[in-house]
Amino acid sequence: RIDVPLEVGDKVEEVFGLPPLIPLSVVWECVEASAPAASTDKKGKLEFYSAGGVPNIATDCRMKFQIQQESDGVCSVKLEMEFDPVSPLILGAAPILKLDNDLALKVLLPSAINRTM
């Protein structure tokens, strides 16, 4: 759901991969949440952490979103990801993960937001 703000301590499960063939998931916990309007520099932060990460693939996973409110009312979102690889599979999959994240931020998120307005 995108119509309810996440607060520090909230958890969300992300399902990805190629379900049902390769069903991967990670449970993220929100560790920082600040809205752009609430800060003086018009930047918001949303950070998630998962100690367990994706079993047998990566641990200590972190997603950091930086939300910048522009003067025309438009917001831009930047994502930084960190993780400790457990399997060499993740190193080879990094370009696919980046493509997946770019698709989510640049196409799917704006589309979902437009549907709720």
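Residues numbered from 1 in each chain as written. Predicted model: local features only at pLDDT ≥ 70, side-chain atom pairs only at ≥ 80, totals over all residues. Heavy atoms only, no water.

Participant: Is there a simple way to think about the sheet that holds strand E2 (residues 22–34) in this case?
Facilitator: Where strands meet in a sheet, backbone hydrogen bonds hold them as pairs that are either parallel or antiparallel. Spatial strand order, E1-E2-E3-E4-E5: five strands in an open sheet with antiparallel pairing. Looking at which strands have only one partner, the edges of the open sheet turn out to be strand E1 (11–18) and strand E5 (75–85). For this sheet, the mean inter-axis angle between neighbouring strands, taken without regard to orientation, is 25 degrees. One ladder, built from 10 bridges, connects strand E4 (residues 58–69) with E5; its direction is antiparallel. Of the residues in E5, the one forming a bridge with methionine 63 is methionine 81. (Pairing = 2+ DSSP bridges. Helix = DSSP H or I, 4+ residues; strand = E, 2+ residues; numbered from the N terminus. Axes fitted to C-alpha atoms, helices over the stretch in contact; angles between N-to-C directions.)

Participant: I tried to follow the pattern of salt bridges on my own but got confused; where do I start?
Facilitator: Considering all chains together, one arrives at three salt bridges under this definition. Glutamate 47 is paired through a salt bridge with arginine 62; the nearest N and O atoms lie 2.6 Å apart. Taken together, the residues span a long stretch of sequence, with glutamate 47 in strand E3 (residues 43–50) and arginine 62 in strand E4 at a distance of 15 residues. We classify arginine 62 as partly exposed; its relative accessible area is 22%. (Salt bridge = Lys/Arg side-chain N within 4 Å of Asp/Glu carboxyl O. Buried < 20%, exposed > 50% of the residue type's maximum accessible area, 1.4 Å probe, protein only.)

Participant: Teacher, can you tell me more about the nonpolar core here?
Facilitator: In a soluble, globular protein the nonpolar side chains are often hidden away together inside. Residues Trp28, Phe48, Ile57, Met63 and Phe65 are the most contacted members of the largest nonpolar core, which totals 13 residues. Listed by contribution, the elements that provide at least two residues to this core are E2, E4 and helix H1 (88–116). Broken down by element, the residue count for this core peaks at five residues, all from E4. Phenylalanine 48 has contacts with Leu6, Val12, Trp28, Glu29, Cys30, Val31, Cys61, Arg62, Met63 and Phe65, leaving out every residue within four places of it along the chain. (Core = buried A, V, L, I, M, F, W, Y, C linked by side-chain atoms within 4.5 Å. Contact = heavy atoms within 4.5 Å.)

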